[in-house]
Structure formats: C-alpha cells, structure tokens
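Listed below are the residues making up each chain.
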Amino acid sequence: YLARSVCRSCSHCTLGQVLLVGTLEGSGRLWEAQQEAEEAYAGFDGDEALGMLLARVYARRGKQAEAEYTLRALIRTSSGGGATGGGATGGGSRSRSAVALEGMQAALAHKQEGNRHYSAGDHERAAAAYSAALEADTAGMLTPTLLANRAQARLSGERFAEALSDCDGAIALDAGSAKLHLRRAACLVALKQPGKAKHDYEAVLRLDPTNEQARAFVDRQDRDEKRKAARGEAASGFGGAFGGGRA
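Since we're looking at a predicted model, the values are computed, not measured. (Residues numbered from 1 in each chain as written. Predicted model: local features only at pLDDT ≥ 70, side-chain atom pairs only at ≥ 80, totals over all residues. Heavy atoms only, no water.)

## What about the layout of surface pockets?
It is the rolling of a water-molecule-sized probe over the atoms that shows where space remains empty.
Okay, so step 1: If you add up the space inside the largest pocket, you get close to 300 Å³.
Okay, so step 2: Around the largest pocket, the lining is made up of 17 residues, and of these Thr145, Ala148, Asn149, Ser177 and Lys179 lie nearest the centre.
Okay, so step 3: Counting residues per element, the ones that place at least two in the lining of the largest pocket are α6 (96-119), α8 (143-156) and α10 (178-190).
Okay, so step 4: With 5 residues, α8 is the largest single contributor of residues to the lining of the largest pocket.
Okay, so step 5: A per-class count over the lining of the largest pocket returns 6 nonpolar, 6 polar and 5 charged. (1 Å grid on protein atoms, 1.4 Å probe; cavity = no way out; pocket = protein on both sides within 12 Å on 5 of 7 lines; lining within 4 Å. Points joined across faces, edges and corners; volume = space filled by probe spheres on them. Helix = DSSP H or I, 4+ residues; strand = E, 2+ residues; numbered from the N terminus. Nonpolar A, V, L, I, M, F, W, Y, C, P; charged D, E, K, R; others polar.)

## Some remarks on the pattern of salt bridges
Okay, so step 1: Applying the stated criterion to the full structure yields 17 salt bridges.
Okay, so step 2: Residue Glu225 pairs with Lys198 through a salt bridge whose shortest N-O separation is 3.2 Å. Taken together, the positions of Glu225 in helix α12 (residues 212-243) and Lys198 in helix α11 (residues 194-207) put the pair 27 residues apart, joining distant regions of the chain.
Okay, so step 3: By relative accessible area, Glu225 is classed as partly exposed at 37%. (Salt bridge = Lys/Arg side-chain N within 4 Å of Asp/Glu carboxyl O. Buried < 20%, exposed > 50% of the residue type's maximum accessible area, 1.4 Å probe, protein only.)

## Regarding the environment of Gly176
Okay, so step 1: Here Gly176 lies in the loop between α9 (160-173) and α10.
Okay, so step 2: Linking Gly176 and Arg29, residues 147 residues apart in sequence, is a C-alpha distance of 6.7 Å.

## Notes on the packing of aromatic side chains
Okay, so step 1: In this structure the tally under the stated criterion is 1 aromatic pair.
Okay, so step 2: Where Tyr201 meets Phe217, the ring centres are 4.5 Å apart and the plane angle is 35°; that geometry is what we call tilted. With Tyr201 in helix α11 and Phe217 in helix α12, this residue pair connects regions lying 16 residues apart in the sequence.
Okay, so step 3: Its relative accessible area of 4% is what places Tyr201 among the buried residues.
Okay, so step 4: Accessibility expressed as a relative area gives 9% for Phe217, which makes it buried. (Phe/Tyr/Trp six-rings, centres within 6.5 Å; stacked < 30°, edge-to-face > 60°.)

## Focus: the side chain of Lys198
Okay, so step 1: Exposure remark for Lys198: the relative accessible area of 9% places this residue in the buried category.
Okay, so step 2: When residues no more than four places from it in sequence are discounted, the contact partners of Lys198 are Phe217, Val218, Gln221, Asp222 and Glu225. (Contact = heavy atoms within 4.5 Å.)

## Section: the environment of Leu134
Okay, so step 1: Looking at the element boundaries, Leu134 is found in helix α7 (residues 123-136).
Okay, so step 2: With 27 residues separating them along the chain, Leu134 and Ala107 place their C-alpha atoms 6.6 Å apart.
Okay, so step 3: With sequence-adjacent residues up to four places away left out, Leu134 is seen in contact with Thr143, Leu146, Leu147 and Arg150.

## Overview of the packing of α8 against α9
Okay, so step 1: Interhelical geometry of α8 versus α9 gives an angle of 160° and a closest axis separation of 8 Å. Regarding the angle of α8 to α9, the classification is roughly antiparallel. Taken as a pair, α8 and α9 cross one another with a handedness that is left-handed. Every residue of α9 that contacts α8 at Thr143, Pro144, Leu147, Ala148, Arg150, Ala151, Arg154 and Leu155 is listed here: Phe160, Glu162, Ala163, Asp166, Cys167, Gly169, Ala170 and Leu173.
Okay, so step 2: Among the residues forming the contact of α8 with α9, the class breakdown is 10 nonpolar, 2 polar and 4 charged. (Axes fitted to C-alpha atoms, helices over the stretch in contact; angles between N-to-C directions. Parallel < 35°, antiparallel > 145°, perpendicular 65-115°, else oblique. Left-handed = near helix turned anticlockwise from the far one by under 90°.)

## Focus on unusual backbone geometry
Glycine aside, residues mostly have negative phi angles, and peptide bonds mostly take the trans form.
Okay, so step 1: The backbone of Glu158 sits at a positive phi, close to 65°, despite the residue not being glycine.
Okay, so step 2: With respect to the helices and strands, Glu158 occurs in the loop between α8 and α9.
Okay, so step 3: The phi dihedral of Lys192 falls on the positive side, at around 60°, and the residue is not glycine.
Okay, so step 4: Along the chain, Lys192 falls in the loop between α10 and α11.
Okay, so step 5: Using a relative accessible area of 71% as the deciding quantity, one classes Lys192 as exposed.

Pasting the structure below:
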C-alpha cells in the first residue's frame, strides 16, 4: 500500500513505479508486477530502470522472448538508436541492459546443458549446469526457473535438504507457481515432514483447485491427523479413568 501511494504521488518521475514493481516482484507476485511494470514503462518509454524491471519480470515468468525484446530495445536506446549485435553500446561501454542480456543468454545455454544431463539421468551434472547458469545470470533474470530446475535435479539425486533450500528460494520469488509448491512438498515428504508438505499442497489447491495429487495428499493427511487426535483423546480418557479414583 505504501508503494502504491508513493507511485501515485510521483507521477512526474519513475521512483514510485520502480518501488511498486520492485515490492511486488520481491514478494513473489510476478503477475501483478508485470501488469504494473508494463503500465509504468508505457508512460516512461525508454527508462532503463523500468525497462530492466519489466524485462526481469518477463523472464521470471517464463517469457524469455518478451524479456529479450525489451532488453534489446533498451540497448538500442542507450546506443543512440543503432542496432546492436553483441550487446556493446556505440560508445564502447556496455549498458546494464546489455550486460543483463548477455548474462541471460549465457544462462539459457547452461540451462539447456542441464536439461540434457537431466534427461540422460545424470542429476549431478544437471545440478552443476544449473548452478553455472545461476552464476552467469548476473541480473537474476531467470533465478526462479534455474532454482526450480536445480531443485528438481537435486531431488532426483536424493539431495533433499539442498533441493528444499532451492525450492524456498524459488518460491520467495514466484509465490504463485503451483509447480514450485508441488516440488517443495515432494522435498518435505522425502524429508519426512508431511505436516509442512500439507501446507504446500494446500497452497497448490488455492492456485489450482483441480489438482488431484494435492487433493489426495491433503485428504489423506487430514484422515491421519483425525486418527491421531482420536487416539490421543482415547488415551487421555483411559488415563483419566484411573486417575479419578485416587485420593
């Protein structure tokens, strides 16, 4: 709410818009962040800060083509309108958008390598490739996707605690992804924490009420919790019956 109020009071500059989009993105509300960024960028066309935010939100939502288009437009603006090939500006120095584009492209290459290793069943090399992609992506354009992929590779390689950590990081940046909550739930089940896994499956159902896997787990967990509660009440009553006769 504070960010929105600042945004409305700073219609003559981009401070409010940058704050608002950054706040939404930081809380994992990527769809809202995209809407606000698109509206703001339309009003301040060519603004690098807003354009970078918009491109990053696009990329984090899996819209790599839109992200690349936005970054290339920023590069053209920073180089005085000339077309760019490798990302260098006309003056010989690279803009933030050029660095971001270069990093994203390198990260995508590592990601493809990781996908090949994962498909071949080499989960360790897949995780290493996704780690290399995260290092190459200096602007954090693809962070949620890369963390999610590495989490899956680590989960398949039975490195459950590390996979859970990756899921936590990805969900912090993309809280509206049912797939990420499913993946974290799988990690928690593997770590024998079904109660925590239930919370993620409930999150999945809020995002996708038709998800049968989540529904089945939540229903089963509810039944187990009721049986445990019933046994606890029975044991308490049994003990009370004997305790009541004492002086």
